[in-house]
There are 2 protein chains.
Amino acid sequence: MRKYFLLLLLFVNLHPLHAEDGYRLWLRYDLITDAALLQDYRTHISGIYITGESATMAAARRELTTALTGMLGKTIQEQPKPQGGTVIAGTATALGPLLPKGSLSATGEEGFRILTTAGRTIITGNTDAGVLHGVFHFLRLLQTHQPIQTLDLSSAPGIRYRILDHWDNLNRTIERGYAGFSIWDWHKLPGYLDRRYTDYARANASIGINGTVLNNVNANALSLSPAYLEKAAALANVFRPYGIKVYLSARFSAPIETGGLKTADPQDPQVQQWWKDKVKEIYSYIPDFGGFLVKANSEGQPGPQNYGRSHADGANMLADALAPYKGIVMWRAFVYSNTNEDRFKQAYDEFKPLDGQFRDNVAVQVKNGPIDFQPREPFHPLFGAMPRTPLMIEFQLTQEYQGFATHLVYMPPQFREVLMADTYAKGKGSTVAKVIDGSLEGHSLSGIAGVANIGNDRNWTGHPFGQANWYALGRLAWDYTLTPDQIADEWLRQTFTNDTRFVNPVKAMMLASHENLVNYMTPLGLHHIMGYGHHYGPAPWFDKGARADWNPVYFHRADSAGIGFDRTATGSNALAQYTPEARRQWATLDSCPDIWLLWFHHVPWNYTLHSGNTLWNELCKRYEAGVQGVQTMCNTWDKVSQFVDEERAEQVKMLLQIQLTEAGWWRDACLAYFQTFAKMPLPAGIPAPAHTLEYYKELQFPLAPH
Amino acid sequence: MRKYFLLLLLFVNLHPLHAEDGYRLWLRYDLITDAALLQDYRTHISGIYITGESATMAAARRELTTALTGMLGKTIQEQPKPQGGTVIAGTATALGPLLPKGSLSATGEEGFRILTTAGRTIITGNTDAGVLHGVFHFLRLLQTHQPIQTLDLSSAPGIRYRILDHWDNLNRTIERGYAGFSIWDWHKLPGYLDRRYTDYARANASIGINGTVLNNVNANALSLSPAYLEKAAALANVFRPYGIKVYLSARFSAPIETGGLKTADPQDPQVQQWWKDKVKEIYSYIPDFGGFLVKANSEGQPGPQNYGRSHADGANMLADALAPYKGIVMWRAFVYSNTNEDRFKQAYDEFKPLDGQFRDNVAVQVKNGPIDFQPREPFHPLFGAMPRTPLMIEFQLTQEYQGFATHLVYMPPQFREVLMADTYAKGKGSTVAKVIDGSLEGHSLSGIAGVANIGNDRNWTGHPFGQANWYALGRLAWDYTLTPDQIADEWLRQTFTNDTRFVNPVKAMMLASHENLVNYMTPLGLHHIMGYGHHYGPAPWFDKGARADWNPVYFHRADSAGIGFDRTATGSNALAQYTPEARRQWATLDSCPDIWLLWFHHVPWNYTLHSGNTLWNELCKRYEAGVQGVQTMCNTWDKVSQFVDEERAEQVKMLLQIQLTEAGWWRDACLAYFQTFAKMPLPAGIPAPAHTLEYYKELQFPLAPH
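Residues numbered from 1 in each chain as written. Chains lettered and ligands numbered in written order. Predicted model: local features only at pLDDT ≥ 70, side-chain atom pairs only at ≥ 80, totals over all residues. Heavy atoms only, no water.

Quick look at the overall build of chain A now. Within chain A, the secondary structure is distributed over 22 helices and 15 strands. Relative to the 2.2 N^0.38 estimate, which gives 27 Å for 706 residues, the radius of gyration of chain A is 26 Å and therefore close to what a compact globule would have. Seen along its three principal axes, the alpha-carbon backbone of chain A occupies a region of about 80 × 65 × 50 Å. For chain A, buried positions account for 65% of its 706 residues. Summarising the internal contacts of chain A: among those between residues at least 6 apart in sequence, 72% fall at separations of at least 24. Treating the 63 positive side-chain charges of chain A as one cloud and the 67 negative ones as another, the clouds have centres 5 Å apart. (Helix = DSSP H or I, 4+ residues; strand = E, 2+ residues; numbered from the N terminus. Rg over C-alpha atoms; globule rule 2.2 N^0.38 Å. Buried < 20%, exposed > 50% of the residue type's maximum accessible area, 1.4 Å probe, protein only. Contact = heavy atoms within 4.5 Å. Lys, Arg positive; Asp, Glu negative; His and termini not counted. Charge placed at Lys NZ, Arg CZ, Asp CG, Glu CD.)

To continue, consider the sheet that holds strand S8 (residues 245–249) of chain B. Residue and element names in this part refer to chain B. Overall, parallel pairing links the 8 strands, which are arranged S6-S7-S8-S9-S10-S11-S12-S13 in a closed barrel. Here the strands of the sheet are splayed against their neighbours by 25° on average, with no regard to which way each runs. Each of strand S9 (291–294), strand S10 (328–332) and strand S11 (362–367) touches helix H10 (residues 311–322); the most contacted strand, S10, lies at about 160° to it. (Pairing = 2+ DSSP bridges. Axes fitted to C-alpha atoms, helices over the stretch in contact; angles between N-to-C directions.)

Here we come to the nonpolar core. Most often, soluble globular proteins have nonpolar side chains that are buried together. Core analysis: the biggest nonpolar cluster contains 231 residues, and Phe138, Phe239, Trp275, Phe292, Trp637 and Phe674 of chain B have the highest contact counts within it. It is helix H21 (residues 646–678) of chain B that contributes the most residues to this core, 14 residues altogether. Sequence-distant contacts of Trp637 of chain B, that is, excluding residues within four places in its chain, are made with Phe465, Phe496, Phe502, Val506, Met509, Val644, Arg648, Ala649, Val652, Lys653 and Leu656 of chain B. Judged by nonpolar contacts, the second largest core, of 230 residues, contains Leu142, Ile286, Phe358 and Val640 of chain A. (Core = buried A, V, L, I, M, F, W, Y, C linked by side-chain atoms within 4.5 Å.)

This paragraph deals with the UniProt feature "domain: Glycosyl hydrolase family 67 C-terminal" (unreviewed entry) in chain A. Feature annotation in UniProt assigns "domain: Glycosyl hydrolase family 67 C-terminal" (unreviewed entry) to the following positions: residues 461–685 of chain A. With 55% helix and 2% strand, residues 461–685 of chain A has its two end C-alpha atoms placed 36 Å apart. (UniProt positions renumbered as here; feature names shortened; annotations may be inferred.)

Attention shifts here to the pattern of salt bridges. Residue and element names in this part refer to chain A. All chains considered together, the criterion is met by 87 salt bridges over all chains. Ionic pairing is found between Arg176 and Glu400, a salt bridge with its closest N-O pair at 3.1 Å. On the criterion of sequence distance, the pair formed by Arg176 in the loop between strand S6 (161–165) and helix H6 (195–207) and Glu400 in the loop between strand S12 (391–396) and helix H12 (412–419) is long-range, its members being 224 residues apart. Here the salt bridges share partners, and the residues they tie into one network are Glu20, Arg24, Arg28, Asp30, Asp645 and Arg648. (Salt bridge = Lys/Arg side-chain N within 4 Å of Asp/Glu carboxyl O.)

Turning next to the sheet that holds strand S1 (residues 47–50) of chain B. All names here are of chain B. Taken together, 5 strands build an open sheet; the order of strands is S1-S2-S4-S3-S5 and the sheet is mixed. If you trace the sheet from one side to the other, it starts and ends with S1 and strand S5 (152–155), each paired once. The sheet shows a mean angle of 15° between the axes of neighbouring strands, direction not considered. Across the sheet, helix H3 (residues 55–72) touches S1 and strand S2 (86–89), and the angle it forms with S1 is around 175°.

So, on to the packing of aromatic side chains. All names here are of chain B. Counted by the stated rule, this structure contains 97 aromatic pairs over all chains. Note on Phe379 and Tyr578: the rings are 5.0 Å apart at their centroids and 85° apart in plane angle, and the pair reads as edge-to-face. Taken together, the residues Phe379 in the loop between S11 and strand S12 (391–396) and Tyr578 in the loop between strand S14 (562–563) and helix H18 (580–587) connect sequence positions 199 residues apart. For Tyr578, a relative accessible area of 3% gives the class buried. For Lys188, the ring lying beneath its charged end belongs to Tyr192, and the centroid distance is 5.5 Å. Sitting over the face of the ring of Trp460, Arg196 holds its NZ or CZ atom 4.4 Å from the ring centroid. (Phe/Tyr/Trp six-rings, centres within 6.5 Å; stacked < 30°, edge-to-face > 60°. Lys NZ or Arg CZ within 6 Å of the ring centre and 35° of its normal.)

Time to look at the pairing of S2 of chain B. Residue and element names in this part refer to chain B. With burial as the criterion, each face of S2 is covered, one bearing Thr86 and Ile88 and the other bearing Val87 and Ala89. In this structure, S1 lies alongside S2, joined through 4 bridges in parallel fashion. Paired with Ile48 across the two strands is Val87, which belongs to S2. For the crossover from S1 across H3 to S2, the handedness is left-handed. (Right-handed = clockwise from strand over helix to strand, strands pointing away.)

Before going further, it helps to examine the packing of helix H15 (residues 484–495) of chain A against helix H16 (residues 500–521) of chain A. Geometry of a packed helix pair, given as the angle between the helix axes and the separation of the axes. All names here are of chain A. Viewed as axis vectors pointing N to C, H15 and H16 meet at an angle of 135°, and their least axial separation amounts to 10 Å. Accordingly, the angle class assigned to the pair H15 and H16 is oblique. Pair H15 / H16 crosses with right-handed handedness. Taken together, the residues of H16 that come into contact with H15 (itself represented by Pro484, Asp485, Ala488, Asp489, Trp491, Leu492 and Arg493) are Thr500, Phe502, Val503, Val506, Lys507, Met510 and Leu511. Split by residue class, the contact of H15 with H16 holds 9 nonpolar, 1 polar and 4 charged. (Parallel < 35°, antiparallel > 145°, perpendicular 65-115°, else oblique. Left-handed = near helix turned anticlockwise from the far one by under 90°. Nonpolar A, V, L, I, M, F, W, Y, C, P; charged D, E, K, R; others polar.)

Glancing now at the domain arrangement of chain A. Residue and element names in this part refer to chain A. When cut into domains, chain A gives domain 1 (31–155), domain 2 (161–495) and domain 3 (518–698). Distance between the C-alpha centres of domain 2 and domain 3: 29 Å. The interface is formed by 42 residues belonging to domain 2 together with 41 residues belonging to domain 3. Counting across the domain 2 and domain 3 interface gives 1 salt bridge. Put simply, Arg567 and Asp342 hold a salt bridge, and the shortest N to O gap is 2.7 Å. Our enumeration of links across domain 2 and domain 3 arrives at 21 residue pairs in polar contact (both at pLDDT 80 or more). With 6 residues, helix H11 (residues 343–351) is the largest single contributor of residues to the side of domain 2 that touches domain 3. The class makeup of the residues in the side of domain 2 that touches domain 3 is 17 nonpolar, 14 polar and 11 charged. (Domains from an automatic or database assignment. Polar contact = N/O pair within 3.5 Å; in protein donor to acceptor, adjacent residues only side chain to side chain.)

With that settled, consider helix H14 (residues 466–478) of chain A. Side chains three or four residues apart in an α-helix point the same way, a direct result of the helix having 3.6 residues per turn. Counted at 1.5 Å a residue, the expected span for H14 of chain A with its 13 residues is 18 Å, and the 19 Å between its end C-alpha atoms agrees. H14 of chain A sits mainly inside the fold: 13 of its 13 residues count as buried. (Expected span 1.5 Å × (residues − 1).)

Right, let's get into unusual backbone geometry. Omega for the peptide link from Leu189 of chain A to Pro190 of chain A comes to 0°, which places this bond in the cis form. Relative to the helices and strands, Pro190 of chain A resides in the loop between S6 and H6. At His145 of chain A, a residue that is not glycine, the phi angle is positive and equals roughly 65°. Located in the positive-phi region is Lys326 of chain B, a residue other than glycine, with phi close to 65°. Looking at Lys326 of chain B, the relative accessible area reads 71%, which means it is exposed.

The next point concerns the side chain of Thr51 of chain A. In this fold, Thr51 of chain A is placed in the loop between strand S1 (47–50) and helix H3 (55–72). Once residues lying within four places of it in the same chain are set aside, the contact partners of Thr51 of chain A are Met57, Ala89, Gly90, Thr91, Ala94 and Leu95 of chain A.

As a further point, take the environment of Thr614 of chain A. Residues and elements named next belong to chain A. By the element assignment, Thr614 lies in the loop between strand S15 (603–604) and helix H20 (615–640). Residues Thr614 and Ser591 lie 23 residues apart in sequence; the distance between their C-alpha atoms is 16 Å. A polar atom in the side chain of Thr614 sits 3.2 Å from the backbone nitrogen of Asn617.

Encoded structure:
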């Protein structure tokens, strides 16, 4: 009979009407396919016992019931009292004597402990949210086929604020969104609560995300109006049980635009009072409101400099209004003026002098690199340079510069490269990670933000593998010591299958994908050579931008002598913003690894690199290697997609073909263009561009998403 | 064992991970829940046998296999040869001797015949598309729990062109779209084919839709460029097996905008040649391209009148280019100039004189009423007035004027009211339906178009009940003699459940919903009194529009003497555009039914209506009745939603609450405003408005979808 049962469940899991459309993300909870393991799990899990009646514990109860029923193929219910095989969940306080002795001090406010005792599994923590995180961790163990007989583990987040930034506009368009449109259906809020809101919260809670900024940093002041606060409050109500707080991007000029004031000067008492009143109003709608994210005096946004005040003046005004409610300000350091100064240097120049001037509840949010989320960037020179200020790091999950949602790019290798980079701010080992987790300078405010790649596509992220980057952001924010390999492994097992014939080759493909991307787009330290405005495709020739530093030619500086941006002392001297130890790695042609070369040096075309190739030849080979890398991904996928569902197999196959085409386009267009300067032939094995340079220059994409 | 099997399938159907999110529309194919019927179907269906290897027959094979497997709870496979219980599908030619004698002449090119013979069910037709339609009909019989033991039925469409018009822009916004954004992901086409495209085609084929206009009538000339033709061709390839052709909205000035010409004058030989070349190019991408839909010289769109030419000149130029390929032109009659003439009359005035001047492959597409898809409109006076021209009718499924996607409004009663209206063009019985099906004047070109209410919301139409209007459009275009009751019945059974405890009360609620809407929005013949621009909510006071006839005050004409638009001989005399017999019903206060009154008469506030109430009192009572009708829907739903899945039950509940709130808003705002003219008290039982008139006037919705 059991065999019959399993057969039927198999039939149902394969049922074409319930296709794998990707909506379930990594929380699929399908029947455990390993028969021995299933038997083992069934033996060790007989039911659940939940203590606590909060909305968070209700969420834990629902998740456990649904997940265990799905994975074990039998109905898992609450038991009136614990018995052998009971999964017990509750805070230490609620569990009381059910909990054996043992400290929970290491789990903090959001962490958890899972342990097996007397044949029961206990999931606990100091708070309901901690318990919920533990529940998701336990389910992850099952989904990834880990043993659960004798568990004893504790976990607590290494970073306090783990946040998704949505660049979502109130009309549901998304700036740099490639997975459809905003999942926030503002018009129907607050009356209509899309089921997706709950599933969004579940997904985030499962990876430890605890905050979401609902609206674009290029903000509309209307988002702070009562009508929209009521809508945001409805979302906050959905998210609250999952331990997720709502934040809003604040438009600095809102006191003028919606408050009727004549100024937004942060030193103006009326302005200060307006924000105090506004914050009070916000907390009347959202009692646990998280705070503001602010983009000020950047790319046309208003800010304190409009009134001769500093970023600190602006941030502190908001921080003072938020402080009574324990809200925070995340003030972005992504600023650059229309000057002749190297854009690389401007954020540092503006912010470093302000170190020590910010209130305790302000974090300065710094992008991973000094330019703008390029395929590869050196770590931002502000990391380590503002010891008296908590710095958050901002990564970009949406692939603005990384092929949109049609390229398979697994970003954790890039994230790790930055997090593990050594600033030498307090000597060797002063990694970026230690700056942002607060440990280097003893800050308690610490944060990681990811610009979300989420839209209303059925599978959330457009590309099925885009989900991995969302997943990884949460996992890394919780524990940045996790390696890209570990994260890819657990994501693949939950999202696709535990079959190692699939997991191992696909993991290898993911781990190689970022370097691949760098190769076919911006090898050897090239950066910012994409199409103008929409950022789709290559346009290294573009020089018609409204500002010099919006032009690719500003960044690559190719000429008959060579290519690259001299940021040494003979050039912009941006390198001087790093500590001597840090800058040393890049400072000379000899010391600088090939992959960073053109970030810091203008290099002759025939210069011999560490690889032994001339610059021109190496450039050609890297572009070609990138394209070949995509071809390898296509080949791998064709071999292993048989182990997963037909729908996603076909989706990924189509997307890889697009990526292959576009990788070839990048190679051909860039080499055709750079060859006009290098004036050297393509080395053996590099195919001639498919079209003339003029063809590539004339391509227009007026309707590409942007 | 069978009991165990059924229990398991039930468990699976209720599995929360496979929620009823509405994506499956009316093609759910879940296990037949009536045990006796399931037994009966299993006895009569043992397998399938498909003759024919075309893509269309492959689609039929997939659909039968999936659907029968799902509904019967056992794997249904192809059999090597027919036996007892085989469902046989193929064209008459392909079936050969398998088909008993009997004529298929009545089924035409797209119809089908289904009959039981020798214990087998045969689904056949003259074409593969006909067979596919038959397959969907057979599956509908099963899904609605009809007997299938002794079938013998034939069906053929009463209308030749059964079309959805998408007002979708190339940037994926949708004009008047309330269910998310365009399902056409232009940027990822042609490389990425969303599974949704196939499901869209399946859904349409199942109801007999055979054409889709991909892009907005306010067209972008880029949609005719090679890059976008390649994308449209990819969609056409997906739709073709389902008997669905692709059409495009053509921008009349495309020869200038993308062709580099200085004019778009239809008499200019270069322009004519440009369109001939363009059409040839289109057919090189899409060999079965359907043709053009054109909005010309209307609301700012370019057209032949820009060059002193007529609509016929413009349409004929395109028709000549399309004729060699059997393409058609659908030329819209929705035109009105910024003049003092009653907007009601302008389309008739412009088009009637052109009767007889259009090519054979041109249809003039006329909206159901003379203004613009109002909750209720009299039939358009052009119907019956252009005997030598095929007229298509255009309905609007997207609820621009009917509460967006948050109001439950089942539109077939409105559609039927228009289709069954008598034009008296050739004496009694000259219904609008007979005009548009071509039978009145012997036209072979006949068509019904619906402006789609489809977006990328998970459930396609935003409101789960919006699906019913899409469904009904197809079913009515196939057979307009189907009653709203019949269509609601079959839609509910397929989409929700066959449980009559649910079907009967919900059907009654659907059938009453349109009159309800008219009551709480625009009772007694009021029209066009909604918010400016976005058309959200009431704004009868609005008088600041850029043109007079964009203002509500233009249409209701309320003053101290009364309310309503005098369209008799003492007024605009629009009534003269109807035949004497048709106009008689509306011509005098005495003859005019209350529901049409203010369309045609300016009526004193204290005039006594047929109901016995004064106009003012009746107006108040109708508004209140509309609100109470929504309350009744809420109550009904609360009682019966237990019979359906929790997810959609909750969705509809939330939406009904929004509808109730907004119905009250309409009542309160309109009565507060009209009372300033009527200067009479609210009759007993009508609640005072919740807010002051000023409050309603000051409401702003800058970000409402539009």
